[in-house]
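Examination of the molecular architecture
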Amino acid sequence: VTAAIVEVTFFGLAAGAVIGLLALGLVLIYRTTGVLNLAHWAIGLLSVVAYVFLTAGGVPAPLAVIVALPVSVIAGAAAYRWVFRKMSRSKQILAILVAVGVAQVYSSLAALTLRFEQFTRLEPWLPVRDWRLLGVTVRSTDLVTALTGIAVAAGFLVWFRRARAGRALRAVAQNREAAVLAGIDEDRASMLAWGIGSGLSALALLLVLPHVAGTQGGLLTAFDVSPLGTLLIPAFGAALVGGLVNLPMALAGGFVFGLSRELLILAPKPWSDLRPSIAAILIVILLLLRTERLFASEQELEALES
Amino acid sequence: VSAQAAVETAPRREGSRQPPASRARRLTSKHLAVVVGLALVSLLPVPFGDYGFFLGAYAAIYGMIGLSVVVVTGYSGLISLMPYTFAGIGAMTAGLAVGSWGWPFWLAIPLAAAATVPFALLVGMASVRLRGLYLALATLTLSNALGETLFRSEAVTGGGAGWNIPRPVVGPIDFSSDVSFYFLCLATLVVLLWMAEGLRSSRLGRAMSAVRTNEVEAQALGVNPYKTKLVALLIGSMMAGVGGAFLGALLVNVTGTPFRSPVVEITSLLLVTAVAIGGIDRPLGAFVGALTLFVVQAQVFGGAASLQAYLGIYTGVILILLLHLNPDGLVGLARRLRALIRARPAFGSGVTTALIVGNVGICWLIVAVAE
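To keep things clear, this report deals only with the structure shown in the data block. (Residues numbered from 1 in each chain as written. Chains lettered and ligands numbered in written order. Predicted model: local features only at pLDDT ≥ 70, side-chain atom pairs only at ≥ 80, totals over all residues. Heavy atoms only, no water.)

Leu-24, Tyr-51, Phe-84 and Val-102 of chain A together with Tyr-84, Phe-181 and Phe-246 of chain B are the most contacted members of the largest nonpolar core, which totals 182 residues. Of all the elements, helix 3 (residues 49-75) of chain B adds the most residues to this core, at 15 residues. Every residue in contact with Phe-181 of chain B, bar those within four places of it in the chain, is listed here: Ala-57, Arg-167, Pro-168, Phe-175, Phe-246, Ala-249 and Leu-250 of chain B. Counting residues in hydrophobic clusters, the runner-up holds six residues, among them Leu-307, Tyr-314, Cys-363 and Ala-370 of chain B. (Core = buried A, V, L, I, M, F, W, Y, C linked by side-chain atoms within 4.5 Å. Buried < 20%, exposed > 50% of the residue type's maximum accessible area, 1.4 Å probe, protein only. Helix = DSSP H or I, 4+ residues; strand = E, 2+ residues; numbered from the N terminus. Contact = heavy atoms within 4.5 Å.)

Here you go:
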């Protein structure tokens, strides 16, 4: 039983790292520019498409990852520069619908790019191997996913606290007018937030790739449709753990959602039935707790919405 | 716009400042335009044959569900991303009533509307505490959770076989063909449209608009925001439930599959964006949005595989442009163009023609490129 718990915990950590990375991107974009980015998924998908094309063309997988990541970074920054920059924050329904429009454009673009070749086999960019230790089987992909996720997230958080650009982003999030008066270029900071947030989304999706390699139906089934429920909604939930504004809590939220879903596999019968809806239950509880009040002052919340 | 203005003044109506006699004449010409327009719209599926009428009925049903978006989001400003889930509840209820208990279809419609009430109350209880974005997240999550639980339960969905909902027969009129069922759906849509238009100018509708513009001010004027939001959600969900019952009859056999995640979230978003393209704060917007969906789907039907992706990009760009330049959607755009034509006839009609020709040209180009 203990071995099973340890194994499932590794699944959960891997899922949590992916969800946490997605949530970090969502929170970074929301707190800097006030947009709840429903296109987060579609923007990250572009990097996956680029990766698939590069590896199909014979580029070694690790190099393909490095070349593919900037595609989403540029797509995200472009989405801000050309679409969201002029949106008024007070019309949230419009911002949400425009995000849906952006998602439609990007995911259609991805579908169109892939249409001409059927990629039914996905190249994993990590070696898939099972390690046995003290009766516990650990998959290399789970371990690497969890470790990479945690390392990138930790590096990002340190950069965000210490580096000049990270401090500028925080300043814009806390008080836009004062930040502009202090000489910070608000547009540049916002574009940076969108670029980095989209890069985090792309990285999260690329970390998922080795886990779905060999999925029937190929890339579009594995990435375009099914993960909406299993990854994007938990990512929104993880972002809510930090009230949509707190980055470290969003990362922690990723692990809450990842671990709770995986550990429920082992729960006794009536509880394990909760597994498909556990994310929804947690999100409703978080919404009713109004977590945003714990992490942002009333003034900052007003600023995000106006 | 202040909430006070919204409560005190009735919604703008064409010619409301003109003497009564001329208003009456204009109203008749307006009525004539509505009748001619409806007749033209109702014949739209003809070139596509039987499948066209099937798609047309689909579009009319999407229009019914879209009206719920107009009432909830357009009138009251609540961002609900689960209209299709409410339609699913309606479809399942109708299936249970007709397919399992042997009720006639006509009785199943009000039951389908009533079945959405407890779920709308649940969302309503959350909506009193949640603002804008948070409600959007809550509804998205809820539709996901219901898709994973309710629409997977065999007792509700009838398992893999689903429910059979035969199309109704009234005396000599048999609605089982796609053509006759299309006209039934269209007629129902027009009735619901007329009701939604009436709601807009009623006291309740003005209260909704006041709550949308400024909740605190509305409260100061004696409007109870909680009650108003709750009623809006109830009306909206019942309209979606009716749409769901018709959807079940259109498909004849209905299972839980279309209402499970992730199809249900995607369809809900598609519906909300279609209504936004049409114009989210006008009932006519739901109609125009459904019409747009019909045209897009009719083009995709029989076209090349990549057509859908090209059209996806095009409609996405149109959505973004339209919401940036003209948040009232196509209905608002038409109104502005008409004002422009009246002010500067040559320039205005030039712009209108350019827009129509350009749009048709781009669509033609897309179809040509895809083949």
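So, about the interface of chain B and chain A. Counting residues at the interface gives 41 residues for chain B and 42 residues for chain A. Buried surface at the junction of chain B and chain A, both sides included, amounts to about 3800 Å², of which 77% is carbon and sulfur. Considering only the surface of chain B that becomes buried against chain A, Arg-131, Leu-133 and Tyr-134 of chain B emerge as the three largest contributors, covering 19% of it. Taken together, the connections running from chain B to chain A amount to zero salt bridges. For the interface between chain B and chain A, the tally reads two residue pairs in polar contact (both at pLDDT 80 or more). Contributions of two or more residues to the side of chain B that touches chain A are made by helix 7 (132-148), helix 13 (263-278) and helix 15 (307-325) of chain B. Considering each element in turn, the side of chain B that touches chain A owes the most residues, 12 residues, to helix 7 of chain B. Looking at side-chain class alone, the side of chain B that touches chain A contains 25 nonpolar, 12 polar and four charged residues. (Buried area = accessible area lost by both parts, 1.4 Å probe. Salt bridge = Lys/Arg side-chain N within 4 Å of Asp/Glu carboxyl O. Polar contact = N/O pair within 3.5 Å; in protein donor to acceptor, adjacent residues only side chain to side chain. Nonpolar A, V, L, I, M, F, W, Y, C, P; charged D, E, K, R; others polar.)

Residues and elements named next belong to chain A. As paired elements, strand 1 (residues 130-133) and strand 2 (residues 136-139) share four bridges and run antiparallel to each other. Across the sheet, residue Asp-130 finds its bridge partner in strand 2, namely Arg-139. Linking strand 1 to strand 2, which pair antiparallel, is a turn of two residues; within it Leu-134 sits at a positive phi near 55 degrees. (Pairing = 2+ DSSP bridges.)

The next subject is a nonpolar patch on the surface. A cluster of nonpolar side chains, namely Ile-5, Leu-263, Ile-265 and Leu-266 of chain A, defines an oily patch on the protein surface of about 310 Å² accessible area. One can find Ile-265 of chain A in the loop between helix 11 (247-263) and helix 12 (269-272). (Patch = residues over 30% accessible without salt bridge, like charges linked within 9 Å, V, L, I, M, F, W, Y side chains within 5 Å. Areas by Shrake-Rupley, 256 points an atom, 1.4 Å probe, with all protein chains shown as cover.)

What follows deals with the pattern of salt bridges. Using the criterion set out here, one finds seven salt bridges over all chains in the structure. In this structure, the salt-bridge partner of Arg-85 of chain A is Asp-187 of chain A, at a minimum N-O distance of 2.7 Å. Highlighted residues: Arg-85 of chain A in the loop between helix 3 (61-84) and helix 4 (92-115) and Asp-187 of chain A in helix 8 (residues 186-212), separated in sequence by 102 residues. With a relative accessible area of 28%, Asp-187 of chain A lands in the partly exposed category. A salt bridge links Arg-152 of chain B to Glu-148 of chain B; its shortest N-O distance comes to 3.2 Å. Look at Glu-148 of chain B and you get buried, because its relative accessible area is 18%.

Let's shift gears to helix 12 (residues 225-251) of chain B. All names here are of chain B. Along its 27 residues, helix 12 runs 39 Å from first to last C-alpha, staying within 8% of the 39 Å computed at 1.5 Å per residue. Counted residue by residue, helix 12 has 20 buried out of 27 residues, so it is predominantly covered. Measuring from the backbone nitrogen of Tyr-226 back to the side-chain oxygen at the start of helix 12 gives 3.1 Å, which picks out Asn-224 as the cap. (Expected span 1.5 Å × (residues − 1).)

Here we come to the side chain of Ser-68 of chain B. Along the chain, Ser-68 of chain B falls in helix 3. Residues contacting Ser-68 of chain B, with those up to four places away along its chain left out, are Pro-83, Gly-236, Met-239 and Ala-240 of chain B.

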